[in-house]
Every structure is written in structure tokens, then in C-alpha cells.
Amino acid sequence: MTQPILDVLHDTFGFSAFRGVQDQVVSRVMAGRNTLAIMPTGAGKSLCYQLPAVALDGCCVVISPLIALMHDQLRAATALGIRAASLTSVDADWQETQDRFRAGELDLLYVAPERASSEGFRNLLGRAPIAMFAIDEAHCVSEWGHDFRPDYRLLKPLLDSFPDRPRLALTATADAHTREDILKQLGIDREGMIVAGFDRPNIRYAVHPRDGLTRQIADLVGGNPGPGIVYAQTRAGTEKLAEQLSRDGKRQVRAYHAGMPPEVRRANQDAFIASEDMVMCATVAFGMGIDKPDVRFVVHAGLPKSIEGYYQESGRAGRDGEPAEAHLFWGADDFARARMRISEIEPERQAGERARISALGALVETGTCRRAILLRHFGESPPETCGNCDNCLSPPASVDATQTARKLLSA
Ligand code: ADP
Ligand code: MG
């Protein structure tokens, strides 16, 4: 890596070294080559486009799927002294932003995919100095991904109209199918794909059959004094669980979901980030773009939507590298409900959804290493045992035997 780049890393971002594959990604982008970076949550994807954005002449246009995500990034970038702005429905200073953009006074401009592909924005792009494009949460371009956003499909023509400007697609979550699809949909060659290791060795994974869920979660929370997130499956579920877990008065517990008034949501999120022992009962809306490195446990109070979702949500634990735990509680009725839901969606999407559910089935029902199952899902070839999941730490004699034991114990 060249010295000027390392200077930017140090002077603007305050880091002494790149982490993991960041240097590979940044080098490619600086060389003007299209790239797909697949890096786990917390690996530092933002830096991969923010650093070139600062180092290169012209602006980096960032496509991002959520206003909340854009504004979190914007706050963080601005705090570092990076010249950044967004054009979203809630931004009041459009004229000023457009003027700065045209005048070459922006390093980063965040926009949503539907805005990026609009006629008006194309005209604006034609009159501003562009350095590169970053497509964040790039799995949204794929129907195979767990979060398909049709507007991402409109991006390729836009990117193609700037053939000499590199595009960098970033995602934490991509199985083999989704990866292929991202490359194709965004016009990136396979040699441009860089995959970081997905293992999070400090996270201890455990999966439990549901059996008196509230008590199970209360026990777990009681034994983990650090900050934690409990993912419930419904908005009402988050509030109910928060109420139940705070009953004994031992822990600070709050709830978070998209149906709450924004000021309450914001207050709860800020309190959680500042806290050293709070439990947040939330829907999966909570956590995206939130930078809290010391989360000590993440609990799923029911089956997640996909392995990708599970990996990403549980990955919010232990970003500081210290020991952390991920617990998943499930029941047979989760699968029954999932099957029901699948039977109601468009036939074209059913195969993908069924594959997602059966991958989750393999994870929860296995008597072998959980980590190995997760990592194989992301295309890695992990060892047979990890030594830091429930099955490696206390191997079940056999699944049947544990079920029999459970029946006896609960009789
Ligand atoms: P991602 O988008 O991949 O989930 P972020 O871009 O939000 O990750 O970065 C996660 C955290 O890692 C942030 O707190 C960021 O400041 C930090 N980080 C990024 N790169 C480095 C680095 N080279 N050295 C130290 N910390 C870093
Ligand atoms: Mg990110």
C-alpha cells in the first residue's frame, strides 16, 4: 500500500493498519477496478469506500438501502471531517448538497437506489466530478438474497454509463447463489470478488429447543451481566418480553421496533449504546449500522429468517473480540409457520425460501459443530469441530437420546 493511502488511513480515520482484506479491496478500487467485497458485519466495509473517496479526486456516490443507515454513516463520516451529504426525502438542504456536489466539494454522496436511477439524478451526475460508485448492502440486488430490493436492478445501466469509474459492491451476506447474482446484476467480473473469512471465533454459538421461553431467556440474561440484544419475532413480542424481563428489577431492559415513535426509538438506542449492562428486546430492525463493540450476547427468541440473517444478527455480539454468546431458541411450530408463509408467496420465490428454511433446519437440528455449518454455508471449509459451540463443548449422545432425556425431565 502506498504511503499517501496509509497517511489517509491514519490521519483521517485514526487507524494504524488495515484489517483483514481491507487493503486488498482498497488497492483494487484505487487502481480503478470493479470489485465485490464480501466481508462479515463489523469487518470494516465502510472504510473500503470511504478511504478511496477521500484519497481520489471527485465524489464517491454511495447507494444505500435505508435512510437510517445513510444518516448513521453520514454522522460518522462528518465527525471524521469527511465532506459527506445525502439526498433523501428527509434532507432539507438539497440545493446546497447539489451545488457542493457539482462544485467537487463532496467526498461522499449517499442516495437510495430509486433516487440513483432517476432521470433527475442522472442529469446531476453528468455535471459533477465522480470518483467511483459504492453499492452498499449489495445482496439487495439479488432475488436469492434475503432482502431483495427491485430498485437495485436499475443500477447497472447507471454504472455502465460511467465505464471508467470503478464500482465497489459490498455485502456481509452472500451464499454462492447470491454472489453469482450480484456479480451478474452489477456487471463485476468474478476475479473482482474478494471474500473475507467469516469466522467469529470469540462468539460461542448455542441452540436450544423452546421449553418455557420466557424463563429460559430470563435465566440466560440473569447469567450474562453485559449488554445484550434479544431478538423477538414481532413488535408486540419485543415489548412483552421487555416487560417480563424487567419484572424482577435486576436489569435495565428496553424495547425497540419500527412501530415506536422515532424519538422513543432513538432514545432507547442511544441509551443502549451508552450502557454497560442493558438488555434490548428488539425486532431485527435494531442493530443495522449501530456500532456497539461490547455487546456480550445476542438471543434469538425464535427462528431467524435465514442463515444470513442469523449470522448478521448474532454477529452484533463481541465485535470487540472479547468472548460473547449467541443463543437461538426454536420450536417445531416455527417451521410449520415458515412453511405456511412460503405457501402464500409467489411461486417463483418459493424455492429460494424453502432452501433458506431447510438450511436453518440443518443448523438447529445438527448434533455436530454449529460453526462448521455456518461457515460451510458461506463457502468456507472449516474444521469439523470448533471447540466453542454447544455441540463441540458437550456433544449430544444422539439427537433422539437428548429428546428422550428432555421428555423425561419435563414429565
Ligand atoms: P461493517 O460495515 O463491515 O459492518 P463498519 O464499516 O461499520 O463495518 O466498521 C466496523 C467497525 O470497525 C467500526 O467501528 C470501524 O471504525 C472499525 N474499523 C474499520 N476499519 C478498521 C481498521 N482498519 N482498524 C481498526 N478499526 C477499524
Ligand atoms: Mg456497513
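In this text the structure is predicted, and so the values were computed from the model without any measurement. (Residues numbered from 1 in each chain as written. Chains lettered and ligands numbered in written order. Predicted model: local features only at pLDDT ≥ 70, side-chain atom pairs only at ≥ 80, totals over all residues.)

Draft legend 1. View of the overall build of the protein. Helix and strand counts for the protein stand at 18 helices and 13 strands. Across the 411 residues of the protein, 39% fall into the buried class. Of the contacts formed within the protein by residues at least 6 apart in sequence, a portion of 73% connects residues at least 24 apart. (Helix = DSSP H or I, 4+ residues; strand = E, 2+ residues; numbered from the N terminus. Buried ≥ 20, exposed ≤ 12 C-beta atoms within 10 Å, placed from the backbone. Contact = placed C-beta atoms within 7 Å.)

Draft legend 2. Focus on the sheet that holds strand 2 (residues 59-63). The strand order across the open sheet formed by seven strands is 3-4-2-5-6-1-7, and the pairing between neighbours is parallel. What marks the edges here is a single partner per strand, and that holds for strand 3 (84-87) and strand 7 (193-195). Taken pair by pair, the neighbouring strands of this sheet meet at an average axis angle of 20 degrees, ignoring direction. Both strand 2 and strand 4 (residues 108-111) contribute to a ladder of four bridges, which runs parallel. Paired with Ile-63 across the two strands is Val-111, which belongs to strand 4. Along the sheet, helix 5 (residues 94-102) makes contact with strand 2, strand 3 and strand 4, crossing strand 3 at roughly 125 degrees. (Pairing = 2+ DSSP bridges. Axes fitted to C-alpha atoms, helices over the stretch in contact; angles between N-to-C directions.)

Draft legend 3. Quick look at the site of ligand 1. Around ligand 1 lies a shell of 13 residues, among which Phe-15, Arg-19, Gly-44, Lys-45 and Ser-46 are the nearest. In terms of residue count, helix 3 (residues 45-55) provides more of the shell around ligand 1 than any other element does, three residues in total. The class makeup of the residues in the shell around ligand 1 is five nonpolar, five polar and three charged. (Near = placed C-beta within 6 Å. Nonpolar A, V, L, I, M, F, W, Y, C, P; charged D, E, K, R; others polar.)

Draft legend 4. Broad picture of helix 2 (residues 22-30). Of the positions making up helix 2, those classed as buried are Gln-22, Val-25, Val-26, Arg-28 and Val-29. Down the axis, helix 2 shows its buried residues gathered within 160 degrees of arc, on one side only. As for helix 2, its buried residues are in contact with helix 1 (3-11), strand 1 (35-38), helix 3, strand 5 (130-135), strand 6 (167-171) and strand 7. Positioned one or two residues after helix 2, Gly-32 has a phi angle of 80 degrees, which is positive. (Arc of directions from axis to C-beta.)

Draft legend 5. Up close: the sheet that holds strand 8 (residues 203-209). If you trace the six strands from one edge of the open sheet to the other, you get 8-13-12-9-11-10, paired in parallel fashion. For this open sheet the edge positions go to strand 8 and strand 10 (253-256), each flanked by a neighbour on one side alone. Neighbour to neighbour, the strand axes of the sheet diverge by 15 degrees on average, direction disregarded. Here strand 12 (residues 297-300) runs beside strand 13 (residues 324-330); their pairing, made up of four bridges, is parallel. From the neighbouring strand, His-300 faces strand 13, where its bridge partner is Leu-328.

Draft legend 6. Quick peek at the pairing of strand 12. Alternating positions in strand 12 separate into two faces, Phe-297 and Val-299 on one and Val-298 and His-300 on the other, with burial throughout. Pairing of strand 9 (residues 228-231) with strand 12 involves four bridges; the strand directions are parallel. Directly across from Ile-229, in strand 12, lies its bridge partner Val-298. In this fold, the crossover linking strand 12 to strand 13 by way of helix 13 (residues 307-314) has right-handed handedness. (Right-handed = clockwise from strand over helix to strand, strands pointing away.)

Draft legend 7. Inspection of unusual backbone geometry at higher detail. You will see that Glu-137, though not glycine, has its phi angle at about 50 degrees, which is positive. By secondary structure assignment, the location of Glu-137 is in the loop between strand 5 and helix 8 (155-160).

Draft legend 8. Up close: the pairing of strand 3. In strand 3, alternate side chains face the same way, and those of Ala-84 and Ser-86 on one face and Ala-85 and Leu-87 on the other are all buried. The parallel pair strand 3 and strand 4 is bridged by helix 5, and the resulting crossover is right-handed.

Draft legend 9. Region of interest: the environment of Pro-396. For Pro-396, the position within the fold is in the loop between helix 17 (390-393) and helix 18 (399-410). In this structure the C-alpha to C-alpha distance between Pro-396 and Thr-368, which are 28 residues apart in sequence, comes to 8.4 Å.

Draft legend 10. View of the packing of helix 1 against helix 3. Following both chains from N to C, one finds helix 1 and helix 3 inclined at 115 degrees, their axes separated by 10 Å at the closest point. Taken together, the axis directions place helix 1 and helix 3 in an arrangement best described as roughly perpendicular. The two elements helix 1 and helix 3 cross, and the hand of that crossing is right-handed. Of the residues in helix 3, those in contact with Pro-4, Ile-5, Val-8 and Leu-9 of helix 1 are Leu-51, Val-54 and Ala-55. Here the residues of the contact of helix 1 with helix 3 are counted per class, giving seven nonpolar, no polar and no charged. (Parallel < 35°, antiparallel > 145°, perpendicular 65-115°, else oblique. Left-handed = near helix turned anticlockwise from the far one by under 90°.)

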